[in-house]
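Descriptive analysis of the structure
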Amino acid sequence: MIVQSGKWNENSDENREMTAAFAIFPIAIVFFIGWLAKITGLLKAEHWSGIEALSFRLLIPVLLVVTIGTAELDPTKIGPLALAMVAVVVIASVMSLALRLIFSRDNLSDASLSTLFQTTTRWNAFVSLGAAELLAGPEVLLFIAVSMAVLIPIINIGNVVVLAWLCAGSATLSGIFKAIVKNPLVIGSVLGLALNFAAFELPETAIRSLEIIGRAALGIGLLVVGAGISFKRLSAPNAPTLVGALLRPAILPFVFIAISNILSLPPEQVLAGILVTAVPAASNGYVVAKAMGGD
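In what follows, the accompanying structure is described.

About the criteria used
- Chains are numbered independently. Their residues run from 1 in the order of the written sequence.
- Per-residue local features of the predicted model are confined to residues with pLDDT of at least 70, and side-chain atom pairs are confined, for both listing and counting, to 80 or more; whole-chain, interface and lining totals are unaffected and use all residues.
- Side-chain metrics rest on all non-hydrogen atoms present in the structure, leaving aside hydrogens and water.
- As used in this record, nonpolar core signifies buried Ala, Val, Leu, Ile, Met, Phe, Trp, Tyr and Cys residues forming a set joined through side-chain atoms within 4.5 Å.
- Only protein chains enter the accessibility calculation, which uses a 1.4 Å probe; a residue whose area is less than 20% of its type maximum is buried, one above 50% is exposed, and one in between is partly exposed.
- Only DSSP runs of H or I with at least four residues qualify as helices, and only runs of E with at least two residues qualify as strands; both kinds are numbered from the N terminus onward.
- Working rule for contacts: check all heavy atoms of both residues, and any pair within 4.5 Å makes them a contact.
- Any carboxyl oxygen of Asp or Glu within 4 Å of a side-chain nitrogen of Lys or Arg constitutes a salt bridge here.
- Lines are fitted to the C-alpha atoms to define the axes, a helix being fitted only along its stretch in contact, and any angle between axes, read from their N-to-C directions, falls within 0 to 180 degrees.
- Oblique is the label for every angle not falling under 35 degrees (roughly parallel), over 145 degrees (roughly antiparallel), or within 65 to 115 degrees (roughly perpendicular).
- The hand of a helix crossing depends on one turn: near helix anticlockwise from the far one by less than a right angle means left-handed, and clockwise means right-handed.
- Patches draw on residues past 30% relative accessible area with no salt bridge. Two like charges within 9 Å are joined, as are two nonpolar side chains (Val, Leu, Ile, Met, Phe, Trp, Tyr) within 5 Å.
- Here, Shrake-Rupley sampling with a 1.4 Å probe gives the accessible areas, and only protein chains in the shown set may cover a residue.

So, about the nonpolar core. The biggest cluster of nonpolar side chains holds 61 residues, and the ones touching the most others in it are Trp 123, Val 140, Ile 144, Leu 151, Phe 256 and Leu 275. Looking at this core element by element, the count peaks at 13 residues for helix α6 (residues 138-166). Not counting residues up to four positions away in its chain, the partners in contact with Leu 151 are Met 85, Val 86, Val 89, Trp 123 and Val 276. If you look at the next biggest cluster of nonpolar residues, it comprises nine residues, including Leu 108, Leu 116, Leu 166 and Leu 247.

Okay, the pattern of salt bridges next. The tally for this structure, following the rule as stated, stands at four salt bridges. With its nearest N and O atoms 2.6 Å apart, the salt bridge here joins Asp 110 to Arg 100. In this pair, Asp 110 is assigned in helix α4 (residues 110-121) and Arg 100 in the loop between α3 (75-97) and α4, connecting sequence segments 10 residues apart. Of the charged contacts in the structure, one is a salt bridge between Arg 105 and Asp 110, with a shortest N-O distance of 3.4 Å. Under the relative-accessibility criterion, Asp 110 is labelled partly exposed at 23%. Where salt bridges share partners, they join Arg 100, Arg 105 and Asp 110 into one cluster.

Relative orientation of the contacting elements α4 and helix α11 (residues 239-263) amounts to 15°, with a least axis distance of 9 Å. On the basis of the axis angle, α4 is roughly parallel to α11. Pair α4 / α11 crosses with right-handed handedness. When α4 is examined against α11, the residues Leu 116, Thr 119, Thr 120 and Thr 121 are found in contact with a partner set consisting of Pro 240, Gly 244, Leu 247, Arg 248 and Leu 252.

Most of helix α12 (residues 267-277) is tucked away, with nine of its 11 residues classed as buried. Among all positions of α12, only Glu 268, Gln 269, Val 270, Leu 271, Ala 272, Gly 273, Leu 275, Val 276 and Thr 277 are buried.

A few words now on a nonpolar patch on the surface. Together, Phe 25, Ile 29 and Ile 33 give the surface a local cluster of nonpolar side chains, amounting to about 290 Å² of exposed area. Mapping Phe 25 onto the fold places it in helix α1 (residues 13-39).

What follows is the structure, encoded as structure tokens:
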């Protein structure tokens, strides 16, 4: 079924699959272009490190400021959905860290565990928004934007804490605190919340300028992910990788559906939640891993 103008309409399974494929296909092409640029030497290794730093320290934080700062955060409308999404993130966090009980450090290093935590808790909002634009109506797009505003600060802070604990050797409270307050993604999320709840609004020119910078985060972030793809590693997956790859797309959507039934969420919010929980991990997770010593 497809949502149009807030109503559920029937459509064939074949048409839905084709529409979803067209929503994701352009992202796959950008991945491929980034990979080609890397293997052909169009951009040297030292250039990619600069691009990654630009994305991590400027482009993605500005995108967070704009997205969170301009979102509608009315608690009476988004409260149950926000509660459901936070609950899913908490469950996803516990599930991913529980892999330490299954795999030893010899089979799953701390750096790799941090990556599984990121790929389970992070979600690619660009894929969600792109799919929603083709599969659903404006109301579902709004609920995904609300999910971004609620989850982005929580997920970024949680991931920084876990990477600082597992990878950066900053397991003390002071070390974790420093890692959090200095992280550009956390700074961007906090500034976005401050802007959203401020008694004033930024001038339209300032918002437009920030939006221009933020839009660059999507293309550059996807190119960086494409450049980091190693088909040699993909050809020989290990057990932790396979388990981690199944946590998000195969389990989390059903966790969300169970929670949505308990909270009696309306169909549009359920669809938005499925588009949040079923999509791949966010590309900025790769950038964060590179910056903080993850895998």
